[in-house]
Amino acid sequence: MKLHAESLHGGLALLLVSSFLYTSTFSIDHVPTVAALSMSAAQSQTSRRPTPKRIKETQNWRDAEALSRTFVECSSDDRKTVAVVGGGLSGLACAKYLADAGHRPIVYEARQVLGGKVSAWQDEDGDWIETGLHIFFGAYPNMMNLFQELDIEDRLQWKAHQMTFALPDLPGQFTSFQFPPNVPAPFNMAAAILSNTEMLTLEEKVRMVPGLLPMLLEGQSFIDAQDELSVAEFMNKFGMPERINQEIFIAMGKALDFIDPDKLSMSVILTAMNRFINEADGSQTAFLDGNQPDRLCQPMVDHITARGGQVLTGKPIRSIELNSNDNSIKCLKLADGTEVTADWYVSAMPVDVLKRLIPQKWSTMPYFSQLSELKGIPVINLQIWFDRKLKALDGLCFSRSPLLSVYADMSTCCEEYASSEKSMLELVFAPCSPEAGSSKNWIAATDQEIIDATLEELERLFPTEIGPGAPDGKGAQVNKSSVVRVPRSVYAATPGRGKFRPSQESPISNFVMAGGFAIQKYLGSMEGAVLSGKLAAKIICDKATGQATEGVRSVPSSVQPPSEERAPVGVRGNYPIAFGGGQQGTGAEISHP
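Residues numbered from 1 in each chain as written. Predicted model: local features only at pLDDT ≥ 70, side-chain atom pairs only at ≥ 80, totals over all residues. Heavy atoms only, no water.

### A look at the pairing of strand E8 (residues 174-178)
- Summarising burial for E8: four of the five residues are buried, a large majority.
- Bridging between strand E7 (residues 162-166) and E8 involves five bridges; their strand directions are antiparallel. Directly across from methionine 163, in E8, lies its bridge partner phenylalanine 177. (Buried < 20%, exposed > 50% of the residue type's maximum accessible area, 1.4 Å probe, protein only. Helix = DSSP H or I, 4+ residues; strand = E, 2+ residues; numbered from the N terminus. Pairing = 2+ DSSP bridges.)

Listed below in structure tokens is the structure:
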């Protein structure tokens, strides 16, 4: 077994720190209340932290920076017109880097809003309704490079380097894993874990080592090999106590993929932990200082259009038409009957939407057949506006609730939504369907049922501020709320799905795949979406300049293409969930931009 110096250093450090640092000066000898951990909105607005400098000292940052540089340095007299289908982060990133390389990308977004899984729109009061609570990690090197390249790094509001969890048995109390400043990786995470005495015992922490040490020693190859195992199966294999699952892995699984650990591939947990352990500021989080369409998507649009590209909204694709001689793409037919021709075509659509548009001649190809093994996972995003200010944290909190994943008081965490008088909580409701681990299909529940269930959970998190435990007997009241359902969000990272993720390069001569489900090491995250779009752009640039590519990823032999060609079913409807987005309401109550 070949050992890398960084990995060996990390593994030995973990063992040493597990043995000796439990009584270090970083220990926490009390359980803080939310008041002790909170910061006022006014303080939050005046305590902007710069991008942690160590983020730009990692090898992953250098790799991302080098990949970005290849587009600027790429020169070709053969400027290509590229049709990019999908205006989410992956499609916009693909177009951005194609424009950097001198090509002419044209983005076709089905909806009237950009952003895909990070889209947002304004209600009748002018408040932004968001598809999800999106957090940026220091371990997002391509995303961080993108912010730097667009000159919008100052739009990230970095929070204190800590991970905060609610304590289910102690209503209203929280505990944090606090990462000591100026301590290098992996010692800072070891100190954060070992200094917290509320969630795991020393023995339980030490019993995590056998499962984590191979990850540190072998790196990505070990992580990929665990994709066939669920979190529960992995824990049994390495003898981890069940309390580790209850205390840590359930919260992580719900936050990373909106799914319970018994249905989640362990590779998801290990991917996050590997980055957090090996990168000193990898687990530090930042909020965007406002809505995603204006503060992130629009700078990407401006960058693309300034270099001759276009970004078009309200342009849903009806079909992909092929050339009869080689099954390459002849044109795209839009819903309005317009035909779009280009030199190259990129799908940056969610996998569930793409599967409905696969042309009949492609349906028997293993590359496309394997997509039947991938599908999006449901999730619900909530925003609740209260009539008063709550004592909330300035940052992300793991609720450790049966119904809720993570939440944040956006009136404290985000400058555009800041208020010193009233709170707006944004919460991820997950798992929300039986396939994700819920006992009830909450996607089909009414808005009021979902909000009522959420408020019951919030009474536990805020026992003296919400509900009958408040001094006035009722506490904070709801001024308004929004419920955004995403029936098919990021691809469900259930055990064994990794091998079916397609390469960006396809067997079709003028077609490239993007999207977070396409293969890259950051899974279905925002970072994964940006990197996948970037890799798709790189294939086109390499082909245009005659450079060698890695080729099409092999398809597992277990994939059995249909014996007969199948006609595409097409996308039915003209509303957000038809295109993989989120929307408000159910049935006749559906509301969308």
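Text resumes after the structure shown.
### Observations concerning helix H9 (residues 209-218)
- For H9, the tally of buried residues reaches eight of ten residues, placing the bulk of the element in the interior.
- Of the residues making up H9, those classed as buried are Val209, Gly211, Leu212, Leu213, Pro214, Met215, Leu216 and Leu217.
- Downstream of H9 by one or two residues, glycine 219 has phi in the positive range, about 70°.

### Details of the UniProt feature "domain: Amine oxidase" (unreviewed entry) in the protein
- Under the feature "domain: Amine oxidase" (unreviewed entry), the UniProt entry names residues 89-540.
- With 32% helix and 19% strand, residues 89-540 has its two end C-alpha atoms placed 18 Å apart. (UniProt positions renumbered as here; feature names shortened; annotations may be inferred.)

### Details of the side chain of threonine 175
- Its place among the elements puts threonine 175 in strand E8.
- Looking at threonine 175, its side chain comes within polar contact range of the side chain of asparagine 196, at 2.6 Å.
- In contact with threonine 175, other than residues within four places in its own chain, are Met163, Thr164, Phe165, Leu167, Asn196, Glu198 and Met199. (Polar contact = N/O pair within 3.5 Å; in protein donor to acceptor, adjacent residues only side chain to side chain. Contact = heavy atoms within 4.5 Å.)

### A short note on the sheet that holds strand E1 (residues 81-85)
- Taking strand neighbours across the sheet as the criterion, the five strands line up as E10-E2-E1-E14-E20 in an open arrangement whose pairing is parallel. Each having just a single partner strand, strand E10 (310-312) and strand E20 (511-513) make up the two edges of the open sheet. Sheet twist, expressed as the average angle between the axes of neighbouring strands with direction ignored, equals 20°.
- Sheet analysis places E1 next to strand E2 (residues 104-108), joined by five bridges and oriented parallel. Bridge assignment links threonine 81 to a residue of E2, and that residue is arginine 104. (Axes fitted to C-alpha atoms, helices over the stretch in contact; angles between N-to-C directions.)

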